[in-house]
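# Survey of secondary and tertiary structure
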Amino acid sequence: MLAVLLSAATILLILASHRRPNVRESWSVLAAVAKFAVILSMLPGVLDGTEYRWSMGEFVAGIEFALRADALGLVFALLASVLWIGTSFYAAGYMRGLGADSQTRFFAAFAASLSAAVGVAFAENLLMIFLFYELLSVATYPLVAHDETDEARAAGRKYLAYTFLGGGVLVLAGTALVFALSGTVSFAATGPSTAAGLGGADTTLARAAFTMLAAGFGVKAALMPLHSWLPDAMVAPTPVSGLLHAVAVVKSGVFGIARLVLDVYEPALVAELGVGIALAVAAGVTLTAASIIALRADRLKRRLAFSTVSQLSYIVLGLGLVGPAAAAGAGLENVIKGGLLHIPAHGFMKLTLFFCAGIIHVETHTDYISEMDGIGKRMPLTMTAFAVAAAGMAGIPLVAGFVSKWFLLVGAVSAGQAVFAVALLVSGVLNIAYFWPIVYGAFFESHDRADAKPLVGGPFGGEFFGTTAATDGGRPDDGSQPDGEADDDGGTRTDDSSHDGATQADGGHEGGDRDGAGHDHHGGPGPGGWERVGWTGAEGSWLMLGPILAVVVGAVVLGLVPSQIGFLELVETVAAEAVSGVTD
């Protein structure tokens, strides 16, 4: 309970310090460090089998208002809390760098969101998850709509409609049906077995309850076709896009699916009902389709958003394969380990990528990939970190993404589901296809002598009959772009020729020219090209550079020595318990 309340109590301190920005932001940092310390202190005990539990007593119909820290919950809570530390510093540099309005409200809503996210992680039953799940949606709405532009307000309304009204209603309905069928909504090892009750219930109703819960959690997990709120929510400030929309919010969705598969229905019942394969198919379609859409996105944050949609489905795919693996009697441990380990792996890598997009926006006002040729000279540390994280996203060895995807591949093949292994490999190739042009262009091209970008230069790539068709708001050859032209992937590109407070892809914050070269231009390099600044950190504020480097180092450490930083041990504990439940 202390882990949940720490950031909630900080809200009052942040609001009280609204006239003293240094004090206000210090409260965020202190709360983040304290929350992480409390959660970390439970790691040795949980690994040794100690139970940490808090209860306020019966809530309704015999269901307790209770929190419990177990290995699965600690994976999510530990990730969100450790990344909040870096995000607290980064957010201060980002919001100050843009001179953004309503910063006190921003930091207060951020603290509330982290409190709700940890509540989801430690919820002891389905009803508690529902309560914190809905609180998370409400707390993050002000962050999505922070800029108060028409675009931001529309994105906020869509976000609430999908996650609070749509996803929340489905989770509540599924929870009620589970209770009606089994007489409990407790997770495994916390009370009467929900799976045992569901196993004796009508199979059609049991499948219906699973479908409602999977769809409800699938909204925040951005499973297609429930995903469109996520790319639109990228109008939020980049720290929000990073921690909340790449870690806390979307991970609450995949975490809910993990609870559903492993603790509510349990692997044996998932195999018996045959619901796992449908979940795996939905994940396989999503991870492939989202990767294809990402190929065409010229706006950097939008490409990262569709990459998130794709990568989240790696986690859901591992959980969906639990059923086939349990039925086959092979691969169960590996698919669980691969799916769950991708939660922290994706968190570290994607937060790095969003942080890089944010500092590029603050320092150069550049939001579009087609403007970034040669930017590695201007921002060498940033783009190196971007390259490392992108390699991990594609599953290149020595970075976090490789380890989790290896377990998924081995598990899928062992379970006799090689088609999903092929989908994973295809998605990895697509990851390279949409990240490599960014990295290559940044370091090996210059703005005035850049090759055509085949993945953003035409509807199917390349040039056609001597002309290049624009996609995702990309410019025609003359460099012009009509205001508000619709993107091919569903977004709307607003005029970014002026960055003095007009609506922008990154939120429309005000900020003066910060191109580092003193040129009077807005977005992209100046007339003389990108200035070379060297590797000393002159490319931006260390409030932002420091967190970028720290988080990308975490991604590398998780790839090199995953067993040394706790996440793999927790995941192995969860997998061992699941396998034991099937064999027993």
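Before any of the text, the structure's been laid out above.
Residues numbered from 1 in each chain as written. Predicted model: local features only at pLDDT ≥ 70, side-chain atom pairs only at ≥ 80, totals over all residues. Heavy atoms only, no water.

### A few points about the pattern of salt bridges
Proximity of charged atoms lets side chains of opposite charge pair with each other. Taken as a whole and assessed by the stated rule, the structure comprises 12 salt bridges. Taking the shortest distance from any N to any O, the salt bridge between R68 and D70 comes out at 3.5 Å. Residue R68 is classed as buried on the basis of its relative accessible area, which comes to 13%. Overlapping salt bridges bring together E51, R68, D70, R259 and D263 as one network. (Salt bridge = Lys/Arg side-chain N within 4 Å of Asp/Glu carboxyl O. Buried < 20%, exposed > 50% of the residue type's maximum accessible area, 1.4 Å probe, protein only.)

### Topic: the packing of helix α4 (residues 71-97) against helix α21 (residues 567-583)
Orientation of α4 relative to α21, taken along the N-to-C sense of each, is 155 degrees, at an axis distance of 8 Å. Viewed along their axes, α4 and α21 adopt a mutual orientation that is roughly antiparallel. Regarding α4 and α21, the two cross each other, and that crossing is left-handed. Judged by residue contacts, A71, L72, L74, V75, L78 and L79 of α4 engage F567, L570, V571, T573 and V574 from α21. Along the lines of polarity and charge, the residues of the contact of α4 with α21 split into 10 nonpolar, one polar and no charged. (Axes fitted to C-alpha atoms, helices over the stretch in contact; angles between N-to-C directions. Helix = DSSP H or I, 4+ residues; strand = E, 2+ residues; numbered from the N terminus. Parallel < 35°, antiparallel > 145°, perpendicular 65-115°, else oblique. Left-handed = near helix turned anticlockwise from the far one by under 90°. Contact = heavy atoms within 4.5 Å. Nonpolar A, V, L, I, M, F, W, Y, C, P; charged D, E, K, R; others polar.)

### Here's the deal with the packing of aromatic side chains
For the structure shown, the criterion picks out 16 aromatic pairs. Arranged with centres 5.4 Å apart and planes meeting at 90 degrees, the rings of Y133 and F217 form a pair that is edge-to-face. Note that Y133 is positioned in helix α6 (residues 126-144) and F217 in helix α9 (residues 203-220), a separation of 84 residues in sequence. Taking the relative accessible area as the measure of exposure, Y133 reaches 0% and is therefore buried. F217 sits in the buried class, given a relative accessible area of 0%. (Phe/Tyr/Trp six-rings, centres within 6.5 Å; stacked < 30°, edge-to-face > 60°.)

### Details of the nonpolar core
The biggest cluster of nonpolar side chains holds 187 residues, and the ones touching the most others in it are F122, L262, Y265, I336, L340 and F386. The dominant element in this core, judged by the number of residues it contributes, is helix α11 (residues 238-273), at 20 residues. (Core = buried A, V, L, I, M, F, W, Y, C linked by side-chain atoms within 4.5 Å.)

### A closer look at helix α5 (residues 103-122)
With 20 residues, α5 ought to run about 28 Å at 1.5 Å a step, and its terminal C-alpha atoms sit 29 Å apart, in line with that. Most of α5 is tucked away, with 18 of its 20 residues classed as buried. (Expected span 1.5 Å × (residues − 1).)

### Some details on the side chain of N125
Tracing the chain through its elements places N125 in the loop between α5 and α6. With a relative accessible area of 2%, N125 lands in the buried category. A distance of 2.9 Å separates a polar side-chain atom of N125 from the backbone nitrogen of M128. The residues contacting N125, other than those within four sequence positions of it, are I63, E64, V185, S186 and F187. (Polar contact = N/O pair within 3.5 Å; in protein donor to acceptor, adjacent residues only side chain to side chain.)

### Focus: the pairing of strand β1 (residues 52-60)
Summarising the sheet, β1 and strand β2 (residues 63-69) pair through six bridges and their orientation is antiparallel. Paired with Y52 across the bridge in β2 is A69. The antiparallel hairpin formed by β1 and β2 contains two residues in its connecting segment, where A61 sits at a positive phi of about 50 degrees. (Pairing = 2+ DSSP bridges.)

### Description of a nonpolar patch on the surface
Together, I396, I432, W436, Y440, F443, F444 and W535 make up a nonpolar patch on the protein surface, roughly 740 Å² of accessible area in all. If you trace the backbone, F444 turns up in helix α19 (residues 418-444). Assessed through its relative accessible area of 55%, F444 is described here as exposed. (Patch = residues over 30% accessible without salt bridge, like charges linked within 9 Å, V, L, I, M, F, W, Y side chains within 5 Å. Areas by Shrake-Rupley, 256 points an atom, 1.4 Å probe, with all protein chains shown as cover.)

Keep in mind these numbers describe shape, not what the thing actually does.
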